[in-house]
Amino acid sequence: SVEKIDEAKKILHCCAEYLEAKLDSPFILGNDFSVADIMMGSAWMWNEDQLPKYRRLVEWINRLKARPAFRRISAKNMELPRGEEVRGIQLAPSDL
């Protein structure tokens, strides 16, 4: 329902505001990349289109995307056989 979507957006923006205020270093736990960045980053990337006003959050996501491992896996995702497309990433039917 529209009400549930609106409530979910409010929660998303509340969490984004909190993280925006706390992101005073390059990564979640400080200057070093960690599993926390992988876990949180993957979740936030699904909502990237909702985040343009959160400068620190967007910069953090861009740092994650600039990492060599992320670029390698993104390239591999684009090589998957034709299947359903989800947010610009081609998935094989066995991955769905």
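Every chain is numbered on its own, with residues counted from 1 as its sequence reads. Residue-level local features of this predicted model are given only where pLDDT is at least 70; pairs of side-chain atoms are given and counted only at 80 or more, and the full residue set underlies all totals for whole chains, interfaces and linings. Only hydrogens and water are set aside when side-chain values are computed; all heavy atoms of the structure are taken into account.

S.K.: What am I meant to see in the overall build of the protein chain here?
M.R.: In terms of helices and strands, the protein chain carries four helices and two strands. Strands are runs of DSSP state E lasting at least 2 residues, helices are runs of H or I lasting at least 4, and numbering of each runs from the N terminus. Secondary structure elements of the protein chain, listed N to C terminal, follow the sequence α-α-α-α-β-β. By residue count, 25% of the 96 residues in the protein chain fall in the buried class. The contacts of the protein chain with a sequence gap of at least 6 include a subset with a gap of at least 24, amounting to 46%. The protein chains shown are the only cover counted for residues, whose accessible areas, like all others here, come from Shrake-Rupley with a 1.4 Å probe. Split by element, the accessible area of the protein chain, about 7000 Å² in all, is 58% carbon and sulfur. Under the scheme applied here, a residue whose accessible area is under 20% of the maximum for its type counts as buried, over 50% as exposed, and between as partly exposed, the area being computed with a 1.4 Å probe on protein chains only. Here a residue-residue contact requires only that any non-hydrogen atoms of the pair lie within 4.5 Å.

S.K.: Got a minute to help me understand the pattern of salt bridges in this structure?
M.R.: Here the idea is simple: oppositely charged side chains can pair when their charged atoms come close. Any carboxyl oxygen of Asp or Glu that lies within 4 Å of a side-chain nitrogen of Lys or Arg is treated as forming a salt bridge with it. Under the counting rule described, the total for this entry stands at two salt bridges. For the salt bridge of Lys-65 with Glu-48, the shortest nitrogen-to-oxygen distance reads 2.8 Å. One end of the pair, Lys-65, is in helix α3 (residues 55-66); the other, Glu-48, is in the loop between α2 (35-45) and α3, with 17 residues separating them in the sequence. In this structure Lys-65 comes out as partly exposed when scored by relative accessible area, which is 27%. Between Glu-59 and Arg-55 there is a salt bridge; the shortest N-O distance is 3.2 Å. One end of the pair is Glu-59 and the other is Arg-55, both in helix α3 and four residues apart, which spans about a single turn.

S.K.: It is not clear to me how the confidence of the model for the protein chain should be interpreted in this structure. Could you clarify?
M.R.: Note that predicted coordinates carrying low pLDDT should not be read in detail. Residues of the protein chain with pLDDT of at least 70 account for 79%, and the chain-wide mean is 83. pLDDT expresses, on a scale from 0 to 100, how confident the predictor is about each individual residue. When pLDDT is averaged over each element of the protein chain, α3 comes out on top at 94 and strand β1 (residues 85-86) at the bottom at 52.

S.K.: How should the packing of α2 against α3 be read in this particular structure?
M.R.: In a pair of packed helices, the angle between the axes and the distance between the axes together describe the arrangement. Simply put, an axis is a line fit to the C-alpha atoms, just over the touching stretch for a helix, and the angle between two N-to-C directions goes from 0 to 180 degrees. Running from N to C, α2 and α3 point in directions that differ by 110°, and their axes come no closer than 10 Å. Considering the angle they form, α2 stands roughly perpendicular to α3. Our pair here, α2 against α3, has a crossing hand that is left-handed. Taken together, the residues of α3 that come into contact with α2 (itself represented by Asp-37, Met-40, Gly-41, Trp-44 and Met-45) are Leu-57, Trp-60, Ile-61, Leu-64 and Lys-65. Of the residues belonging to the contact of α2 with α3, the class tally is seven nonpolar, one polar and two charged. In what follows, roughly perpendicular refers to angles from 65 to 115 degrees, roughly parallel to angles under 35, roughly antiparallel to angles over 145, and oblique to any angle outside these ranges. Left-handed describes a crossing whose near helix is turned anticlockwise from the far helix by less than a right angle; the clockwise case is right-handed. Note that Gly is not counted as nonpolar here; it falls among the polar residues with everything else outside the nonpolar set of Ala, Val, Leu, Ile, Met, Phe, Trp, Tyr, Cys and Pro and the charged set of Asp, Glu, Lys and Arg.

S.K.: What is the right way to look at the nonpolar core in this model?
M.R.: In a soluble, globular protein the nonpolar side chains are often hidden away together inside. Only buried Ala, Val, Leu, Ile, Met, Phe, Trp, Tyr and Cys residues count toward a nonpolar core, and they belong to the same one when joined by side-chain atoms within 4.5 Å. Counting 13 residues, the largest nonpolar core has Ala-16, Leu-19, Trp-44, Leu-51, Leu-57, Trp-60 and Ile-61 as its most contacted members. Going through the elements one at a time, α1 (2-22), α2 and α3 are the ones with two or more residues in this core. Top contributing element to this core by residue count: α3, with four residues. Dropping the residues within four chain positions of it, Ile-61 is found in contact with Trp-44, Met-45, Glu-48 and Leu-51.

S.K.: Could you clarify how one ought to interpret the environment of Leu-19 in this entry?
M.R.: One can find Leu-19 in helix α1. Along the chain, Leu-19 and Arg-56 lie 37 residues apart, while their C-alpha atoms are 8.5 Å from each other. Apart from the residues lying within four places of it in its own chain, the contact partners of Leu-19 are Ile-28, Met-40, Trp-44, Leu-57 and Trp-60.

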